[in-house]
Protein chains: 2
Amino acid sequence: MNSQAPTLAVSTVIFALRATDSDEATPGTLWLPLVRRIREPFEGRWALPGGPIGGDESLADAAARNLLETTSLTSRYLEQLYAFGTVDRSPSQRVVSIVYWALVRPDEAERAAESENVRWFAADDLPSLAFDHNTIVEYALWRLRNKMEYSRIAHAFLGERFTLTQLREVYEAVLRKPLDPANFRRQIESTKSVVATDERLAGGRHRPPRLYRYNESFDLADNGPLPVL
Amino acid sequence: MNSQAPTLAVSTVIFALRATDSDEATPGTLWLPLVRRIREPFEGRWALPGGPIGGDESLADAAARNLLETTSLTSRYLEQLYAFGTVDRSPSQRVVSIVYWALVRPDEAERAAESENVRWFAADDLPSLAFDHNTIVEYALWRLRNKMEYSRIAHAFLGERFTLTQLREVYEAVLRKPLDPANFRRQIESTKSVVATDERLAGGRHRPPRLYRYNESFDLADNGPLPVL
DNA sequence: ATCAGTTCAAGTCAATTGCACCTTTACTCG
DNA sequence: CGAGTAAAGGTGCAATTGACTTGAACTGAT
């Protein structure tokens, strides 16, 4: 029996929407940045960004800091996913990982410049990752898709102003199914989660769509009485 | 800056339904067992049962073991709630608590004999607890009530066989609102989550209700692709 | 043995919601 | 100015929900 105290760490699954490189017309697919491990175990393999928890920071703070340090990313949406702690998830050493998931907007995503040790991957087409990180990403994907249907987190993928078509395309990319534009419009408008501005987006070869913004006084996440992160 | 590694612990919020002592007719209210702290900090105050994680057990195993050791309770339903880790939640020492929540059936609940250091409390009427445990219970209550509406966890409060009225009383006790018996019956039957047996419950001064059992091939919790606990 | 009381069980109906499809409007580009 | 395109708004059907009603089955008391 190994009576050594487990090591505690935080990791983060980051999601962003990016246009598929080859085809500009496709609505966009779900991507996530991974970092290459530079030491054993799993040296050279891709893994979720993460690290230890500082003595003077909360768990969410630690997740955000590790995110910034390893990928230069910041996020407007960060939520705890799950604590993973089976005995065999890391060889030789017992590690308990408290995993967060984050949504970043396109402008924020630009900061995660690809390098030798940071690369974006399509969420549906990942390589074999270090530790149990494939399992973790799968669970995060399930949570994202689940939460997409009963909350308004989709907004965290977009910038300040957006059209309803752009918002719908976020849903379509994450849920991987087409949505009826008319019904989508009605549903979103009925929730009052967005506010119409009097601006419009010109440039397309069609009627210019109205730009919307978030309704600040609207709970996007629906996480109950959780202590503020 | 305190660079000491945080201490890791598991705690569990346990829910059970018990008839209100004074009035046998009331459908039952939500209760949870607490243990009295026998050392500083918060010596003498009531707290959630919990303890350290052994080197050879998973997080859920640790929660179940601590549950058994401190309250003699076992549970058929145990799910991770949240990891709490703000810096100031415990004085003098940095503690990260991975909290589980459990549902126990009436026959299981009997095992938690009240003693000097274990006592049942009504969920809506708790004293001031140790650490941030009041916050934790509040969040667990929110999760329970939330999950009650989209999953079939209510069954975890009942024994092998039960009437639809008993099942409805579970919902009424947890959600704190009366439900129409006829509509409730229709909804439950449409989900196929229960199977009618040909037994009936005799003894009441009325038409004997049919007994039902769980549908084993039905996912009660809807927790996605989480690794099996 | 009959009756009163209680609860199970099944059915009705109106209101609401969700979803598929259709029409009109307003703009850009050639 | 006309063709093309997507926004914006509307219509109707099907499924679901909630309030209510009715009849059946059983126990315990008279």
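Just so we're clear, the structure is a prediction, and the values are computed from it rather than from any experiment.

1. Re the overall build of chain A
Then, number 1: Summing up its helical and strand segments, chain A has five helices and nine strands in all.
Then, number 2: When the elements of chain A are put in sequence order from the N terminus, they spell out β-β-β-β-α-β-β-α-β-α-α-α-β-β.
Then, number 3: Relative to the globule expectation of 17 Å for 229 residues, the C-alpha radius of gyration of chain A, 19 Å, shows essentially globular dimensions.
Then, number 4: Based on the C-alpha atoms only, the size of chain A along its principal axes is roughly 65 × 45 × 30 Å.
Then, number 5: Looking at chain A as a whole, 48% of its 229 residues are labelled buried.
Then, number 6: When contacts within chain A are restricted to residue pairs at least 6 apart in sequence, those whose partners lie at least 24 apart make up 62%.
Then, number 7: With the model as given, the accessible surface of chain A reaches about 11,300 Å², and the carbon-plus-sulfur share is 48%.

2. Some points on a positive patch on the surface
Then, number 1: Positive charge collects at one region of the surface, where A:Arg185, A:Arg200, A:Arg207 and A:Arg210 lie side by side.
Then, number 2: Summarising the element assignment, A:Arg207 is placed in the loop between strand 8 (194–200) and strand 9 (210–214).

3. Looking at the packing of aromatic side chains
Then, number 1: Scanning the model with the defined rule gives 16 aromatic pairs over all chains in all.
Then, number 2: Summarising the aromatic geometry, the rings of B:Phe162 and B:Tyr214 are spaced 5.4 Å apart at their centres and angled 45 degrees between planes, so their arrangement reads as tilted. Remark: B:Tyr214 occurs in strand 9 (residues 210–214) and B:Phe162 occurs in the loop between helix 3 (133–150) and helix 4 (164–175); sequence separation between them is 52 residues.
Then, number 3: On the accessibility criterion, B:Phe162 (0% relative accessible area) is buried.
Then, number 4: Look at B:Tyr214 and you get buried, because its relative accessible area is 4%.
Then, number 5: Its end group placed over the ring of A:Trp31, A:Arg18 keeps NZ or CZ at 5.8 Å from the ring centre.

4. Concerning helix 1 (residues 59–71) of chain A
Then, number 1: With 13 residues, helix 1 of chain A ought to run about 18 Å at 1.5 Å a step, and its terminal C-alpha atoms sit 18 Å apart, in line with that.
Then, number 2: One or two positions beyond helix 1 of chain A, positive phi appears at A:Ser72, with a value near 65 degrees.

5. Details of the relation of the copies chain B and chain A
Then, number 1: Of the two same-sequence chains, chain B is brought onto chain A (RMSD 0.1 Å, axial shift 0.1 Å) by a rotation of 180 degrees. Here the symmetry operator amounts to a two-fold rotation axis.

6. Section: the interface of chain B and chain A
Then, number 1: Between chain B and chain A, the contact holds 34 residues from the first and 34 residues from the second.
Then, number 2: Interface area, chain B with chain A, both sides summed: about 2,800 Å², of which 68% is carbon and sulfur.
Then, number 3: For chain B, the biggest contributors to the area lost against chain A are B:Gly55, B:Tyr82 and B:Pro225; these three give 19% of the whole.
Then, number 4: Taken together, the connections running from chain B to chain A amount to zero salt bridges.
Then, number 5: Inspection of the chain B/chain A interface yields eight residue pairs in polar contact (both at pLDDT 80 or more).
Then, number 6: Of all elements in the fold, only strand 5 (77–84), strand 6 (95–103) and helix 3 of chain B reach the threshold of two or more residues within the side of chain B that touches chain A.
Then, number 7: In terms of residue class, the side of chain B that touches chain A is made up of 18 nonpolar, 11 polar and five charged.

7. Considering the pattern of salt bridges
Then, number 1: Inspection of the entire model under this criterion finds 25 salt bridges over all chains.
Then, number 2: Among the ionic pairs, B:Glu57 bridges to B:Arg65, the shortest N-O distance being 2.6 Å.
Then, number 3: A residue is classified by how much of its surface remains accessible, and B:Glu57, at 9% relative accessible area, is buried.
Then, number 4: A salt bridge links B:Arg176 to B:Asp124, with the nearest nitrogen and oxygen atoms 3.6 Å apart. In this pair, B:Arg176 sits in the loop between helix 4 and helix 5 (181–191) while B:Asp124 sits in the loop between strand 7 (118–122) and helix 3, placing the two residues 52 residues apart along the sequence. An identical accessibility class is assigned to B:Arg176 and B:Asp124; each is exposed.
Then, number 5: What you see here is one network of salt bridges that share partners, running through A:Glu57, A:Arg65 and A:Glu69.

8. Focus on the domain arrangement of chain A
Residues and elements named next belong to chain A.
Then, number 1: For chain A, the assigned domains read domain 1 (7–149) and domain 2 (151–223).
Then, number 2: Taken over C-alpha atoms, the centre of domain 1 sits 26 Å from the centre of domain 2.
Then, number 3: Residue-level contacts link 20 residues of domain 1 with 20 residues of domain 2.
Then, number 4: Of the roughly 1,800 Å² buried where domain 1 meets domain 2, counting both sides, 65% is carbon and sulfur surface.
Then, number 5: Summed over the three residues of domain 1 that lose the most area to domain 2, namely Arg145, Lys147 and Met148, the buried surface amounts to 35% of that side.
Then, number 6: Where domain 1 packs against domain 2, one counts two salt bridges.
Then, number 7: When the shortest N-O distance is used, the salt bridge between Arg105 and Glu160 registers 3.8 Å.
Then, number 8: One can count four residue pairs in polar contact (both at pLDDT 80 or more) joining domain 1 with domain 2.

Reading the values: the criteria
Residues numbered from 1 in each chain as written. Chains lettered and ligands numbered in written order. Predicted model: local features only at pLDDT ≥ 70, side-chain atom pairs only at ≥ 80, totals over all residues. Heavy atoms only, no water. Helix = DSSP H or I, 4+ residues; strand = E, 2+ residues; numbered from the N terminus. Rg over C-alpha atoms; globule rule 2.2 N^0.38 Å. Buried < 20%, exposed > 50% of the residue type's maximum accessible area, 1.4 Å probe, protein only. Contact = heavy atoms within 4.5 Å. Areas by Shrake-Rupley, 256 points an atom, 1.4 Å probe, with all protein chains shown as cover. Patch = residues over 30% accessible without salt bridge, like charges linked within 9 Å, V, L, I, M, F, W, Y side chains within 5 Å. Salt bridge = Lys/Arg side-chain N within 4 Å of Asp/Glu carboxyl O. Lys, Arg positive; Asp, Glu negative; His and termini not counted. Charge placed at Lys NZ, Arg CZ, Asp CG, Glu CD. Phe/Tyr/Trp six-rings, centres within 6.5 Å; stacked < 30°, edge-to-face > 60°. Lys NZ or Arg CZ within 6 Å of the ring centre and 35° of its normal. Expected span 1.5 Å × (residues − 1). Least-squares fit on C-alpha atoms with pLDDT ≥ 70 in both. Buried area = accessible area lost by both parts, 1.4 Å probe. Polar contact = N/O pair within 3.5 Å; in protein donor to acceptor, adjacent residues only side chain to side chain. Nonpolar A, V, L, I, M, F, W, Y, C, P; charged D, E, K, R; others polar. Domains from an automatic or database assignment.

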